[in-house]
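# Descriptive structure summary
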Amino acid sequence: MASKYDALARIIIQNVGGKENIVSLTHCITRLRFQLRDESKANTEVLKSTDGIVTVMRSGGQYQVVIGNHVPQVYEVVCEKAHISGAQSEEAEGDKNMAWGAWMLDLLSGTFQPILGFLAAAGIVKGLLAVLVFVAGASVKDSGFYQMMYAIGDGFYYFLPMIIAASCAKKFKCNPYLGMSIAAALLYPAMVGLETTGTLFEGTLMALDYKTTFLGIPVVYPKSGYASSVVPILVATGVGAKLEKYFKKIVPDTLKLFFVPFLTVIIIVPLTFILIGPVAGILTNLLNAFFQAIFAIPVLGGVVTGILIGALWQILVIFGLHWAVIPIGIANISTYGSDLFMTPYFAASFAQSMVVAAIYIKTKDKNMKTMALPALVSGLFGVTEPCIYGITLPKKKPFIISCIAAAVGGGILGGAKVLRYQSGALGFFGFMSFVKDGEPMSNVIWAVIAVAVAMVLAFVMTIATYTDDEPKAKKTTLAKKASVDEDAPKSVFAPVKGEVIPLDQVDDQAFASGVMGKGMAIIPTEGKVCSPCDGVVSAIFPTGHAVGVTSNDGVEVLIHIGMDTVKMEGRGFDKKVKEGDKVTRGQILVEFDMDAVQKAGYSLVTPVIITNTNQFADIVTSASGTVDVADELLVVM
């Protein structure tokens, strides 16, 4: 049964360079995420001007076609038409050619994008529960309503490694149940509940408690556990994917079903406990010692520590190393009744949120607004993962701005030696952590000042610097002129000399279906393309095979010289104008070698399309047979 997205899917496949140019395809909330063999083969401007596509972006090594809320349906049809099984057509060769940084961004983005909506939802639930406790008192925690809602909010974060495992497995192209099996072992209650039996590297900065041994090797289990962690499961799933791939090659086909999973898990799970856990623990201890040494510096120690913790907090959260700071804060509150060491982190979530708020205000991308709003709400409640992974980190500069603003706020908190008296409160409700009966209100005042400075700085810097990635070209909008009758028919003249044929006879579904707009096609008898009207060159491909002109009456005309001629990579095409040039009717836009096009095996049929057809009542053809460049071809009503 034909889908209403068939035509759109075919246009997308053709204009990303054909199915042979697709290395892999995934999708997130609003966009198709392609990895292409050669991005230069993609017709970005054609895709941008296609009805049903919001814009096209390049980020993190991906070619992203922004669709909107119905992207899952479009994704399914594209996979069907391009004969893509699952999330990719074959092993992603493009991954091997990525720079390490781009690969890491692609991994994090591809892993977290599909779960962003639920991350935000869980964060909002936790924030609302904090409000409820503040208003109704701590006794509300005993109610069934609170327990149920808390399970929704906190449960997602507790089992985050398992959720990440399933999503990450798709990026590593392994069985998702492999990643989930690893995560299940990390979170298994019997392992979590084991008592400490010894200490590795006792008396050193790398001292680590262990709970049991595996074949005589100590099994280190972090004091904070693996709940809500990110890096251990990412690394474990990646290594597990390599093992699975290896065993698929060497295990006989008749035994693959059972022995590939068996061999993989019995190696990767112990390896995670005895190697990945200790490495993460050692890094935590080293960071712990580093921060404590800096804080001990006289006079400036608090400011320097505050700046470092504020600047690095979001980065530590990404890699799960923020536990280098949290245990110190919890221990201080437990021992002394207050803590000033961990306080500087408090400004970070507000800085991150204000960056997203500025992006929400400034972006013209409707889908970015759709993603930014729930992320902003979640961030203000103190849960910034949706902000980080969904918006600021993929764009890099906004993430850096959030770190800078958080560093300033952290420096104020550290320098003022602001004390907090409890832990656990998130976002705006965290201000209550600085209040205690009988203690001065200066702690709250300084916290408000630091947060306000961080928020203003983050917002202003983002407003001043943010631009959308490859923003969709604005449609030319002309002011009303007294001399122009807007209701009068508008003529579009033939841009090339030749034989006129109906658009539905063009051997290309994108044009023949009319999805790109109404118009006619011409079989040229002369290698010259002239302007079909007085106006402005709104687009011209680097290859010269297609050109768009917007008339002074607001009619947008696309002239596509031949079929698939983009593959000629500009050979045989000579551009005479550039984007933004004012042109008059009959002025030469492009000269092309007809013989070269035919010798290369491509059709000369040249569609002439009104791309903003939906803005007019009708498009009427006014020519047949043969036409010259001076002849009227279309009448726009």
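Use the structure listed above.
In this report, the structure presented in the accompanying data block is examined. On a predicted model such as this, the values are computed, not experimentally measured, just so you know.

For the structure on display, the rule yields 13 aromatic pairs. On the basis of an interplanar angle of 45 degrees and a centroid distance of 4.8 Å, the ring pair of Trp 313 and Tyr 345 is categorised as tilted. Of the two residues, Trp 313 sits in helix α13 (residues 301-319) while Tyr 345 sits in the loop between α14 (326-336) and α15 (346-362), which places them 32 residues apart along the sequence. On the accessibility criterion, Trp 313 (8% relative accessible area) is buried. Between Phe 346 and Phe 434, the aromatic rings sit 5.2 Å apart at their centres with planes inclined by 70 degrees, giving edge-to-face as the arrangement. Within this pair, whereas Phe 346 is found in helix α15, its partner Phe 434 is found in the loop between α18 (397-415) and α19 (442-465), the two being separated by 88 residues in sequence.

Take the packing of α18 against α19 next. At a closest axis distance of 8 Å, the pairing of α18 and α19 adopts a crossing angle of 155 degrees. The orientation of α18 with respect to α19, classified from their angle, is roughly antiparallel. Note that α18 runs across α19; the crossing there is right-handed. Along the contact surface, α18 presents Lys 397, Ile 401, Ile 404, Ala 405, Val 408, Gly 409, Ile 412 and Leu 413, while α19 presents Trp 446, Ala 447, Ala 450, Val 453, Ala 454, Leu 457, Ala 458, Met 461, Thr 462 and Thr 465. For the contact of α18 with α19, the class distribution of residues is 14 nonpolar, three polar and one charged.

Turning our eyes to something else, we now look at the pattern of salt bridges. Inspection of the entire model under this criterion finds five salt bridges. Taking the shortest distance from any N to any O, the salt bridge between Asp 253 and Lys 256 comes out at 2.7 Å. Asp 581 serves as the salt-bridge partner of Lys 578, at 3.3 Å between the closest nitrogen and oxygen. Taken together, the shared-partner salt bridges in this structure form one network comprising Asp 574, Lys 576 and Glu 591.

This part covers the sheet that holds strand β11 (residues 528-530). With antiparallel pairing, the three strands of this open sheet are ordered in space as β11-β17-β15. The outermost strands of the open sheet, each flanked by one partner alone, are β11 and β15 (573-575). For this sheet, the mean inter-axis angle between neighbouring strands, taken without regard to orientation, is 20 degrees. Judged from the three bridges that link them, β15 and strand β17 (residues 588-592) form a sheet pairing that is antiparallel. Pairing of Lys 575 across the sheet is with Val 590, part of β17.

Attention shifts here to the sheet that holds strand β5 (residues 198-200). Hydrogen bonds between backbone groups are what pair the strands of a sheet, and the pairing can be parallel or antiparallel. Taken together, three strands build an open sheet; the order of strands is β5-β6-β7 and the sheet is antiparallel. Two strands in the sheet have a free side with no partner beyond their single neighbour: β5 and β7 (217-220). Each neighbouring strand pair of the sheet contributes to a mean axis angle of 65 degrees, computed without reference to strand direction.

The rules we used
Residues numbered from 1 in each chain as written. Predicted model: local features only at pLDDT ≥ 70, side-chain atom pairs only at ≥ 80, totals over all residues. Heavy atoms only, no water. Phe/Tyr/Trp six-rings, centres within 6.5 Å; stacked < 30°, edge-to-face > 60°. Helix = DSSP H or I, 4+ residues; strand = E, 2+ residues; numbered from the N terminus. Buried < 20%, exposed > 50% of the residue type's maximum accessible area, 1.4 Å probe, protein only. Axes fitted to C-alpha atoms, helices over the stretch in contact; angles between N-to-C directions. Parallel < 35°, antiparallel > 145°, perpendicular 65-115°, else oblique. Left-handed = near helix turned anticlockwise from the far one by under 90°. Contact = heavy atoms within 4.5 Å. Nonpolar A, V, L, I, M, F, W, Y, C, P; charged D, E, K, R; others polar. Salt bridge = Lys/Arg side-chain N within 4 Å of Asp/Glu carboxyl O. Pairing = 2+ DSSP bridges.

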